[in-house]
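# Chains, contacts and geometry: an overview
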Amino acid sequence: MEEDIADLAAESVADTPGEAFHDRADFLRRLAVSARRPGFALLVAETTVLVGCVFGFPVGPDGSGRQGIAGTLQETVQRLTSRARFVVLTQVVAHPHPQHRDIARRLQQHLLTDRHSSLGVTLLHPADRAGQAAFSCWGWENMGEVIGLPGRVAPVCSS
């Protein structure tokens, strides 16, 4: 199924400028790295074909996810929100057809509910205007650029 998910991810950014959004190998690497995290979850939406997916993992004060990037992210999010437990949404993908517009929102809400988390965090590249707009429309708040994480990323949080 990972190839189908990678195809969907490529389709979902087909009209987005910038090479960073079109790197299939990078997408598959993020999926593989996330899948090794404790508590990893992947939700998909299908009709006759795959139309959306979301995946991520919980980070909490019990030590889960505290190494590397997740540890730096946990410290930053805790400082900004006063919460040490949250779910990192590694990727939210939906088919770009207008009929499927609400699928990504429903999938991310479902993942947070399944993980019993009232706070979700995702990292978006500042140039990802479509992603920023989508999360903003869903009520998520941009927390600004974070120093100490690889590349230029801005955490976006929901509560």
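Above this note sits the structure.
Read on for an overview of the structure. (Residues numbered from 1 in each chain as written. Predicted model: local features only at pLDDT ≥ 70, side-chain atom pairs only at ≥ 80, totals over all residues. Heavy atoms only, no water.)

### Details of the side chain of Q91
With respect to the element layout, Q91 can be found in strand β3 (residues 86–94). Polar side-chain contacts of Q91 include one of 2.7 Å to the side chain of R30. (Helix = DSSP H or I, 4+ residues; strand = E, 2+ residues; numbered from the N terminus. Polar contact = N/O pair within 3.5 Å; in protein donor to acceptor, adjacent residues only side chain to side chain.)

### Some words on the environment of V33
Here V33 shows up in helix α2 (residues 24–35). What makes V33 partly exposed here is its relative accessible area of 31%. Sequence spacing of V33 and T90 is 57 residues, and the spatial spacing of their C-alpha atoms is 9.8 Å. (Buried < 20%, exposed > 50% of the residue type's maximum accessible area, 1.4 Å probe, protein only.)

### Some points on the environment of A45
Secondary-structure assignment places A45 in strand β1 (residues 41–46). Relative accessible area serves as the criterion here: at 17%, A45 is assigned to the buried category. With sequence-adjacent residues up to four places away left out, A45 is seen in contact with L50, V51, G52, I103 and L107. (Contact = heavy atoms within 4.5 Å.)

### Some details on the packing of helix α1 (residues 2–12) against α2
Look at α1 against α2: their axes get within 10 Å of each other, and the N-to-C directions meet at 130 degrees. Considered as vectors, α1 and α2 are oriented oblique to each other. As α1 runs across α2, the sense of the crossing is right-handed. Mapping the contact onto sequence places E2, E3, I5, A6, D7 and A9 in α1 and R24, F27, L28 and L31 in α2. (Axes fitted to C-alpha atoms, helices over the stretch in contact; angles between N-to-C directions. Parallel < 35°, antiparallel > 145°, perpendicular 65-115°, else oblique. Left-handed = near helix turned anticlockwise from the far one by under 90°.)

### Points about the pairing of β1
Across the two faces of β1 the burial differs, with A41, L43 and A45 buried and L42, V44 and E46 not buried at all. In this structure, β1 lies alongside strand β2 (residues 50–59), joined through six bridges in antiparallel fashion. Its bridge partner lying in β2, L43 is registered against V54. The antiparallel hairpin formed by β1 and β2 contains three residues in its connecting segment. (Pairing = 2+ DSSP bridges.)

### Considering the pattern of salt bridges
In the structure shown here, the tally under the stated rule is four salt bridges. Each of D26, R29 and R30 takes part in a single network of salt bridges with overlapping partners. (Salt bridge = Lys/Arg side-chain N within 4 Å of Asp/Glu carboxyl O.)

### Observations concerning the nonpolar core
V54, L89, V92, L107, L111, F135 and W140 are the most contacted members of the largest nonpolar core, which totals 18 residues. Among the elements of the structure, β1, β2, β3 and α4 (103–114) are those that each provide at least two residues to this core. A total of five residues in this core trace back to one element, the largest contributor, which is α4. (Core = buried A, V, L, I, M, F, W, Y, C linked by side-chain atoms within 4.5 Å.)

### Quick word on a nonpolar patch on the surface
A cluster of nonpolar residues, M1, L42 and V44, forms a patch on the protein surface that exposes about 240 Å² of accessible area. Relative to the elements of secondary structure, V44 occurs in strand β1. Given a relative accessible area of 31%, V44 falls into the partly exposed group. (Patch = residues over 30% accessible without salt bridge, like charges linked within 9 Å, V, L, I, M, F, W, Y side chains within 5 Å. Areas by Shrake-Rupley, 256 points an atom, 1.4 Å probe, with all protein chains shown as cover.)

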